[in-house]
Amino acid sequence: MMVLDLDLDFFLTDCCPLAKKGERPCSDAAKPWDEAAVTDYLERHLGLSKSHPIPGIITQTHDGALPFWQTRMERGLLTRPFSVVHIDAHADLGIGKPGRWINALTLVRDPFSRPDLPPFCERTEHGWQPIRLRSFISELMETQYGPEPQIPLKVFDDPFSYAAEEPFSCMNLAHSPRYAPKKADALISVITQYMDLVPETQACYNM
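Source: prediction; values computed, not measured.

Caption draft 1: Inspection of unusual backbone geometry at higher detail. Geometrically, the link from R80 to P81 is a cis peptide bond, its omega value of -5° lying close to zero. As for its position among the elements, P81 is in the loop between α2 (65-74) and β3 (82-87). Unusually for a residue other than glycine, S176 sits at a positive phi of about 45°. In this structure, S176 sits in the loop between β8 (170-174) and α5 (186-191).

Caption draft 2: Representation of the nonpolar core in the model. Counting 32 residues, the largest nonpolar core has L6, F11, L42, L46, L48, F168 and I191 as its most contacted members. The set of elements that each furnish at least two residues to this core consists of β1 (2-7), α1 (35-45), β2 (54-59), β3, β8 and α5. Per element, the largest residue contribution to this core is 4 residues, and it comes from α5. Core analysis: the next-biggest nonpolar cluster, separate from the first, contains 21 residues, M73, I102, C121 and W128 among them.

Caption draft 3: Representation of the environment of D157 within the structure. With respect to the secondary-structure elements, D157 resides in the loop between β7 (153-156) and β8. With a relative accessible area of 41%, D157 lands in the partly exposed category. Taking C-alpha positions, D157 is 6.6 Å from P111, a pair spaced 46 residues apart along the chain. Beyond its immediate sequence surroundings of up to four residues, D157 is in contact with R109, D110, P111 and R123. Polar contacts involving the side chain of D157 include one to the side chain of R123, which spans 2.9 Å.

Caption draft 4: View of the side chain of H175. Of note, H175 is situated in the loop between β8 and α5. Among the polar contacts made by the side chain of H175, one reaches the side chain of D185 at a distance of 2.7 Å.

Rules of the game
- Residues numbered from 1 in each chain as written.
- Predicted model: local features only at pLDDT ≥ 70, side-chain atom pairs only at ≥ 80, totals over all residues.
- Heavy atoms only, no water.
- Helix = DSSP H or I, 4+ residues; strand = E, 2+ residues; numbered from the N terminus.
- Core = buried A, V, L, I, M, F, W, Y, C linked by side-chain atoms within 4.5 Å.
- Buried < 20%, exposed > 50% of the residue type's maximum accessible area, 1.4 Å probe, protein only.
- Contact = heavy atoms within 4.5 Å.
- Polar contact = N/O pair within 3.5 Å; in protein donor to acceptor, adjacent residues only side chain to side chain.

Here's what the structure looks like:
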C-alpha cells in the first residue's frame, strides 16, 4: 500500500523561511502555483482523480498524520508496512517515535528546496542508500525494541520527473502555515477536491 504525505508549501514559487510562531511568511516571500498547475500535478504526476477521491485529512503539521495512519491500521484499512511518498519543500527527517510502519520512502522535492537532507541520506552511482528512520527517541529505545529496519529511499529533486507507480490508499495534507503565505490557503480547496475527508479531520485541523 502507498500513502501520500503532501505539504502545501510544495506548491510555492520559493521555499519560505520559517515565520515566527503564530505568524505567516510575508506575501513577497513566495507565490502559490496557479490552480491549473496544481490540478495538473495532482492528476498527471500523482494519479489523483476528482471522480475517485481518496480518504484523507488536513493537519497543521505532518505529525498530525500519524494518528490518522494508526487509526486506519487498527480498522484494517491500511496494511503495514506501507510505503510513503513525501511531497514537500522540506525533507522533515530525523524526528519522531519508533515506528516500523514504513517499508519504503520517496521524497519529492521542489526546485527551490534547501539542502536539508540529513547526512544519513547518501546518493550513490546506483541510486540512494537504504536508510533507517531513526531519531533521538528511537535510539533511546533500541534496547527495548531493537534498531529501526533499513528501508529503500528514493529522492526526486525534479518533481516533474516523478510519477506515482500505483494508486494511493489515503493521503494527508499538511497546512504548515509558518512556511506558506496566507495566499497559499486558496489551494487547500483545490487539493481537497481529490480527498474524501474523514471525520478525524475535524479533530486534527480547524479551518
